[in-house]
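In case you want the letters, here they are:
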Amino acid sequence: MATAAYLGVEGGITHAILSSCFRGDDSVELLGGFGSFRDVAVALTTGKVRYGIFPIDNAISGTFHNGYDLIAQYSLRPLREIVWRMDYRLLGVQGATLSGLRRIIAYPFVLEACGKFLATLSAVRVSPATETGTAARAVADGNDPTIGVIASPAAADRYGLVELAARISDTPHDFTRYLLVEGPAVEDRPRTSDRPRRTSILFQLRHERGALLECLQPLVSAGVSISKIESRARMEKPLELGFYMDIDADAAEPRCARALEAMRAQTIDLRVLGSYDYEPLAAPRETKPAESGTEPEPAPASERPSQVSKNWPRAARDRKPEGTRVRVEGVEIGGEDFVVIAGPCSVESRDQAVSTAKFVREHGAALLRGGAFKPRTSPYAFQGLGWEGVDMLAEAGRVSGLPVVSEVMSVDQVERMEQAVDMLQIGARNMQNFDLLKAVGRARKPVLLKRGLSATLDELLAAAEYILSSGNPDVVLCERGIRTFETATRNTLDLSAVPVLRERTHLPIIVDPSHGVGVRRWIPPLMRAAKAVGAHGIIVEVHPNPAEAKSDADQALRFAQFAEVMRDLQAVPAFRKRVDSTPPR
Ligand code: PEP
Ligand code: MN
């Protein structure tokens, strides 16, 4: 059994890279516990291990001279180049919060890569770690919520840490180039791949005018491309310059071998570290428009920031890649049709509920909304008609033939509400009322879960997870605007939540532009935007006489406005459907 050496413990960066490199290869076993790259080099030289990896370049910090130097000093033999996307997360123990952290531990090079993010945390001290996996394990063992660690999602998984911040690297293009190497004594084997080859070279020149240009000329004449060259001042020999260079050719190719010999003649010393396979960086791919009726293509795993979140495994898209369709009586949310839910903010009278129900039904709504228990900011504002209102709504539903959705505000309302309506709404202010989430999770009616006023998408998904994990698989998420510094609109409708949620979760997503902007005339454009951005539907407030509405009067659409926007909506292609697809019912 061949062995491959990684630094520290499982969950570290070198462990992750080697695991990926040798995945499915039973002939290689990973061996940890190495304290430094030099220790790995020694183990390779003495034959204690067969493979190791050495970093040679990083997008933020540049060349790792030590990587090249160790390969040279120990005559290690490069086999292939690995370009690894650095995916740093700030992790803590269960219960830790970003604002509660006082110390963050990370490998020095990682601290440097996340410098901009760390500068925003004034109350936090940073301490260097010897290795990333070891630091993650120590933080988990210490169980101190004031200490965080910067590590990979793999470390979070392995040590049960929670993610406090993602994508904290200074640049999203933070890649590191590593070389997978063997020890010097390993026998030459015939190459089995036909990948392109690269060669790394160290050389020294006299510090003289024109020396570099002249020395590189043979490569240029031979048509060999130089993919990297970096000088390093030699303090001990000020009259010499050292260079680290990579060329895109195999040193054994005759034209390359001749060029290198000609170069050598002009240098003080030239050392070929070896030739190895590499993956040429692909030009950016052209993105194809989504096929009709298909779900969006999931992002590459490394670009899905919270996909691995332990907080919502049941809600994660991976759990059900084809997407969930929630049936509310005969209406399917999450399927082909763009579903419009409409009705008054509050049920105010039998007439109001019935006339609104009939009107919205005639103009294409598929579900009727109406609140009977109202979460109002002021205790003196209209609180809803309670059970009487629920009965009126149910009647309006029967008369119009529309299934109905209404809000439950407390655990003790769930059982009775479940008998009366077709879908249970959890309001924004109750998104993290965990007992209520568990109660509707035990109910047998689908749930419309609204995003909290200041809830992140991660928190919304974790709230949905409460319902799913309590046994109810039928959850529809609703973006209804969040609190920002903007005061021109009631809230800020976060339409970007839609594509992000569609990528992260299989649950259907609808948009509530009424509570999002709070102003009647701005609602129709946002209804159209919600359809275009890929939502599965919308929920909108409509009132026969908005001026007299007992709640949310400013945002209730008049009947005529509703009729007009429903016509306009037909012209908007749903993102998931072809332009000529059937309009919403
Ligand atoms: C509502 O839908 O009437 C409501 C109160 O919404 P939210 O919970 O989003 O404020
Ligand atoms: Mn309302």
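Residues numbered from 1 in each chain as written. Chains lettered and ligands numbered in written order. Predicted model: local features only at pLDDT ≥ 70, side-chain atom pairs only at ≥ 80, totals over all residues. Heavy atoms only, no water.

This brings us to the overall build of the protein. Within the protein one finds 18 helices and 25 strands. Within the protein, the proportion of its 585 residues that are buried is 53%. Of the contacts formed within the protein by residues at least 6 apart in sequence, a portion of 73% connects residues at least 24 apart. For the protein, the accessible area works out to roughly 26,600 Å², and carbon and sulfur atoms hold 51% of it. Once the 72 positive and 73 negative side-chain charges of the protein are each reduced to a mean point, those two points are 2 Å apart. (Helix = DSSP H or I, 4+ residues; strand = E, 2+ residues; numbered from the N terminus. Buried < 20%, exposed > 50% of the residue type's maximum accessible area, 1.4 Å probe, protein only. Contact = heavy atoms within 4.5 Å. Areas by Shrake-Rupley, 256 points an atom, 1.4 Å probe, with all protein chains shown as cover. Lys, Arg positive; Asp, Glu negative; His and termini not counted. Charge placed at Lys NZ, Arg CZ, Asp CG, Glu CD.)

Next up on the list: the environment of Gly24. Relative to the helices and strands, Gly24 is located in the loop between helix H1 (13-21) and strand S2 (28-34). Spatially, the C-alpha atoms of Gly24 and Phe109 are 30 Å apart, while their sequence positions differ by 85 residues.

Moving on, we get to the pattern of salt bridges. Counted by the stated rule, this structure contains 29 salt bridges. Put simply, Asp552 and Arg490 hold a salt bridge, and the shortest N to O gap is 3.0 Å. Of this pair, Asp552 sits in the loop between strand S25 (537-541) and helix H18 (559-570) while Arg490 sits in the loop between strand S23 (475-479) and helix H15 (497-504), placing them 62 residues apart in sequence. Looking at Asp552, the relative accessible area reads 18%, which means it is buried. Put simply, Asp57, Glu81, Arg177, Arg198, Lys228, Asp246 and Asp248 are held in one network by salt bridges that share partners. (Salt bridge = Lys/Arg side-chain N within 4 Å of Asp/Glu carboxyl O.)

So, on to the site of ligand 1. Neighbouring ligand 1 are 13 residues; Arg369, Ala428, Arg429, Lys450 and Arg480 lie closest to it. Side-chain polar atom of Lys450 to an oxygen atom of ligand 1: 2.8 Å apart, as the coordinates give it. Here an oxygen atom of ligand 1 and a side-chain polar atom of Glu541 are 3.4 Å apart. Protein chains bury 98% of the 290 Å² of accessible surface belonging to ligand 1 in isolation. (Near = heavy atom within 4 Å. Polar contact = N/O pair within 3.5 Å; in protein donor to acceptor, adjacent residues only side chain to side chain.)

Once that is clear, we can look at the confidence of the model for the protein. For the protein, mean pLDDT is 90; residues scoring 70 or higher make up 93% of the total. Note that pLDDT drops below 50 for residues 283-296; the model gives that stretch 11 contacts with residues more than four away or on any other chain. In the predicted structure, residues 577-585 sits below a pLDDT of 50 and forms 17 contacts with residues beyond four places in sequence or in another chain. (pLDDT = per-residue confidence, 0-100.)

What follows deals with unusual backbone geometry. Unusually for a residue other than glycine, Asn143 sits at a positive phi of about 50°. Among the secondary structure elements, Asn143 is positioned in the loop between helix H6 (132-142) and strand S9 (147-151).

Right, let's talk about the packing of aromatic side chains for a bit. Aromatic ring pairs: the centre-centre distance and the angle between the two ring planes describe each pair. All told, the structure shown has 8 aromatic pairs when counted by the stated rule. Between Phe359 and Phe559 the ring centres are 4.3 Å apart and the planes differ by 10°, which places this aromatic pair in the stacked class. One end of the pair, Phe359, is in helix H10 (residues 350-362); the other, Phe559, is in helix H18, with 200 residues separating them in the sequence. Residue classification places Phe359 among the buried residues on the basis of a relative accessible area of 17%. Overall, Phe559 belongs to the buried group, its relative accessible area being 19%. In this structure, Arg198 is placed above the aromatic ring of Tyr278, and the distance from its NZ or CZ to the ring centre is 3.9 Å. A cation over an aromatic ring shows up here: Lys550 above the ring of Phe382, its NZ or CZ 5.7 Å from the ring centre. (Phe/Tyr/Trp six-rings, centres within 6.5 Å; stacked < 30°, edge-to-face > 60°. Lys NZ or Arg CZ within 6 Å of the ring centre and 35° of its normal.)

Once that is clear, we can look at the sheet that holds strand S20 (residues 404-407). Here we have 8 strands rolled up into a closed barrel, ordered S18-S19-S20-S21-S22-S23-S24-S25, and parallel in their pairing. For this sheet, the mean angle separating the axes of adjacent strands, direction not counted, is 25°. In this structure, strand S18 (residues 339-343) lies alongside S25, joined through 5 bridges in parallel fashion. Bridging from a neighbouring strand, Gly343 pairs with Glu541 of S25. (Pairing = 2+ DSSP bridges. Axes fitted to C-alpha atoms, helices over the stretch in contact; angles between N-to-C directions.)

Glancing now at the side chain of Gln555. Position of Gln555 among the secondary structure elements: in the loop between S25 and H18. Side chain to side chain, Gln555 and Glu541 meet in a polar contact 2.7 Å long. Excluding residues that lie within four positions of it along the chain, Gln555 makes contacts with Arg490, Ser514, His515, Gly518, Val519, Arg520, Ile523 and Glu541.

A separate point is the sheet that holds strand S7 (residues 103-106). Ordered in space as S8-S7-S9-S6-S10, the 5 strands form an open sheet in which the pairing is mixed. Either end of the sheet is taken by a strand with one partner, and the two such strands are strand S8 (125-128) and strand S10 (162-165). Taking the axes of each pair of neighbouring strands and ignoring which way they run, one obtains an average angle of 35° across the sheet. As judged from the 4 bridges shared by S7 and S8, these two strands associate in the parallel manner. In the strand pairing of S8, Ala106 is matched with Pro128. Along the sheet face, H6 touches S7 and S9 and points at about 150° away from the line of S9.

On to the pairing of strand S14 (residues 240-247), then. Burial analysis of S14 places 7 of its 8 residues in the buried class, the great majority of the element. Bridge count for strand S12 (residues 197-206) against S14 is 8 bridges, and the pairing is antiparallel. What sits directly across from Leu202, in S14, is Tyr244. In terms of strand pairing, strand S13 (residues 226-233) meets S14 through 7 bridges, oriented antiparallel. Bridge pairing in S14 links Ala233 to Leu241. The hairpin turn running from S13 into S14, its antiparallel successor, is 6 residues long.

What follows is about the environment of Ser27. You can see Ser27 is positioned in the loop between H1 and S2. It is 6.1 Å that separates the C-alpha atoms of Ser27 and Ala2, two residues lying 25 residues apart in sequence. Apart from residues no more than four positions distant in its own chain, Ser27 is found in contact with Met1 and Ala2. A distance of 2.5 Å separates a polar atom in the side chain of Ser27 from a polar atom in the side chain of Asp25.

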